[in-house]
Amino acid sequence: MNTTFIKHINRLSLRDQVYQTLKSAIVSLEMEPGQRLNDNELATQFGVSRTPVREALKRLEDEGLVESIPGSLTRVTPLNIEEAKHAFPVVAALHALAARLAATQVKEADLSDLEKWNDRLHLALEQKDVVKAIEADDGFHDVFLRAAGNKEIYIALERVVPKIRRLEFARFGSLEGLESFDQHKKIIAAMRDSQGQTVSELVEENWLSLGRLLTDDLKTIW
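Residues numbered from 1 in each chain as written. Predicted model: local features only at pLDDT ≥ 70, side-chain atom pairs only at ≥ 80, totals over all residues. Heavy atoms only, no water.

- The name given to the protein in an unreviewed UniProt entry is GntR family transcriptional regulator, with Brevibacillus reuszeri as the source organism.

1. Here's the deal with the packing of aromatic side chains
Line of reasoning, step 1. Overall, the coordinates contain 1 aromatic pair when judged by the stated rule.
Line of reasoning, step 2. When the ring of Phe140 is compared with that of Phe144, the centres are 6.0 Å apart and the planes differ by 70 degrees; the resulting orientation is edge-to-face. Residue Phe140 and its partner Phe144 are both found in helix H6 (residues 130-148); the two are separated by 4 residues, about one turn of the helix. Neither Phe140 nor Phe144 differs from the other in exposure class; each is buried.
Line of reasoning, step 3. One Lys or Arg, Arg120, reaches over the ring of Trp117 and ends 4.8 Å from the middle of that ring. (Phe/Tyr/Trp six-rings, centres within 6.5 Å; stacked < 30°, edge-to-face > 60°. Helix = DSSP H or I, 4+ residues; strand = E, 2+ residues; numbered from the N terminus. Buried < 20%, exposed > 50% of the residue type's maximum accessible area, 1.4 Å probe, protein only. Lys NZ or Arg CZ within 6 Å of the ring centre and 35° of its normal.)

2. Re the environment of Asp216
Line of reasoning, step 1. Relative to the assigned elements, Asp216 resides in the segment after helix H10 (196-215).
Line of reasoning, step 2. Here the alpha-carbon distance between Asp216 and Lys85, two residues 131 residues apart in the chain, equals 8.8 Å.

3. As for the pattern of salt bridges
Line of reasoning, step 1. Under the definition given, this model contains 16 salt bridges.
Line of reasoning, step 2. In this structure, Arg54 engages Asp39 in a salt bridge whose closest nitrogen and oxygen atoms are separated by 2.8 Å. Of this pair, Arg54 sits in helix H3 (residues 50-62) while Asp39 sits in helix H2 (residues 39-46), and the two are 15 residues apart along the sequence.
Line of reasoning, step 3. Judged by relative accessible area, Arg54 falls into the partly exposed class, the value being 45%.
Line of reasoning, step 4. The structure contains a network of salt bridges with shared partners spanning Lys23, Glu63 and Glu158. (Salt bridge = Lys/Arg side-chain N within 4 Å of Asp/Glu carboxyl O.)

4. Structural notes on the pairing of strand S2 (residues 73-76)
Line of reasoning, step 1. The pairing of strand S1 (residues 66-69) with S2 spans 4 bridges and is classified as antiparallel. Bridged to Val66 within S2 is Val76.
Line of reasoning, step 2. In sequence, S1 turns back onto S2 through a hairpin of 3 residues, with Gly71 there showing a positive phi of about 70 degrees. (Pairing = 2+ DSSP bridges.)

5. Considering H3
Line of reasoning, step 1. With 13 residues, H3 should cover 18 Å at 1.5 Å per step; its first-to-last C-alpha distance of 18 Å lies within 8% of that length.
Line of reasoning, step 2. Where H3 is concerned, the buried positions are Pro52, Val53, Ala56, Leu57 and Leu60. Viewed along the axis of H3, the buried residues span an arc of 135 degrees, placing them on a single side of the element.
Line of reasoning, step 3. On the buried face of H3, the contacting elements are helix H1 (14-27), H2 and S1.
Line of reasoning, step 4. One or two residues past the end of H3 sits Gly64, with phi positive at roughly 85 degrees. (Expected span 1.5 Å × (residues − 1). Arc of directions from axis to C-beta. Contact = heavy atoms within 4.5 Å.)

6. Looking at the packing of helix H4 (residues 81-102) against helix H7 (residues 151-160)
Line of reasoning, step 1. Running from amino to carboxyl end, H4 crosses H7 at an angle of 160 degrees, the nearest separation of the two axes being 10 Å. On the basis of their axis angle, the class for H4 and H7 is roughly antiparallel. As for the relative orientation of H4 and H7, their crossing is left-handed in sense. Packed against H4, whose contacting residues are Ala87, Val90, Val91, Leu94, His95, Leu97, Ala98 and Leu101, the element H7 presents Ile153, Ala156, Leu157 and Val160 at the interface.
Line of reasoning, step 2. Considered class by class, the residues forming the contact of H4 with H7 number 11 nonpolar, 1 polar and no charged. (Axes fitted to C-alpha atoms, helices over the stretch in contact; angles between N-to-C directions. Parallel < 35°, antiparallel > 145°, perpendicular 65-115°, else oblique. Left-handed = near helix turned anticlockwise from the far one by under 90°. Nonpolar A, V, L, I, M, F, W, Y, C, P; charged D, E, K, R; others polar.)

7. Quick look at the packing of H6 against helix H8 (residues 162-171)
Line of reasoning, step 1. The contact between H6 and H8 brings their axes to 9 Å, and the two run at 140 degrees. One way to sum up the angle between H6 and H8 is to call them oblique. As for the relative orientation of H6 and H8, their crossing is right-handed in sense. Where H6 approaches H8, its residues Val130, Val131, Ile134 and Asp138 are matched on the opposing element by Arg165, Glu168 and Phe169.
Line of reasoning, step 2. Class assignment of the residues belonging to the contact of H6 with H8 gives a composition of 4 nonpolar, no polar and 3 charged.

8. A closer look at unusual backbone geometry
Line of reasoning, step 1. Positive phi is not limited to glycine here, since Leu29 has a value of about 70 degrees.
Line of reasoning, step 2. Judged by relative accessible area, Leu29 falls into the buried class, the value being 16%.
Line of reasoning, step 3. One non-glycine residue, Lys128, lies in the positive phi region at around 55 degrees.
Line of reasoning, step 4. Looking at the element boundaries, Lys128 is found in the loop between helix H5 (108-127) and H6.

Shown next, in the form of structure tokens:
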């Protein structure tokens with residue numbers, strides 16, 4: 001089992017630290033879909049007891065990132081394309097809501113941030129750097145999330161985004177016709193013109209179009 005991403009951690013909030021580390025590794029595909037998980041091995045790698053590892057695995061199982069097969073094994077959940085198809089409209093709607101709430105709150109500095117993140121996205125796409133592209137895309141949409149100031153949107157996204165994020169890491173770099181950069185430019189222009197409803201609609205379509213690109217005509221990856 002590849003565990004090079006695991007480091008010894010401090011005693012403070014062991015459960016949360018183990019959970020965050022494992023979740024990040026699963027979402028970024030450092031831990032591959034279908035990979036077996038042994039709580040004893042993981043505890044040794046982390047330098048902790050088995051209890052925080054088991055608690056973290058249970059939490060990840062509740063979120064659909066880990067699955068236990070009775071009498072057999074615990075493993076990283078295989079990618080589920082149908083689940084991702086169902087998740088994308090939810091993610092799109094939540095981001096559209098954030099954009100609508102943010103429309104009257106966004107300042108000039110926020111617009112500059114949108115342009116900065118979109119430029120970084122463009123460069124990452126040209127370089128086919130999946131990690132930086134996803135980071136830049138997140139940075140772009142986080143501008144609206146921050147301006148909206150509604151923590152319930154964050155909580156809801158935290159639950160559902162991992163269902164699509166692994167698929168982004170798996171396919172983002174190989175996509176042809178990815179239009180996020182140009183779509184973001186239209187979003188920025190609409191925001192500058194104070195067209196709040198248009199911004200919301202464009203943000204929703206931005207996520208829905210990504211969902212179509214990632215899931216259409218695709219049944220399985222792993």
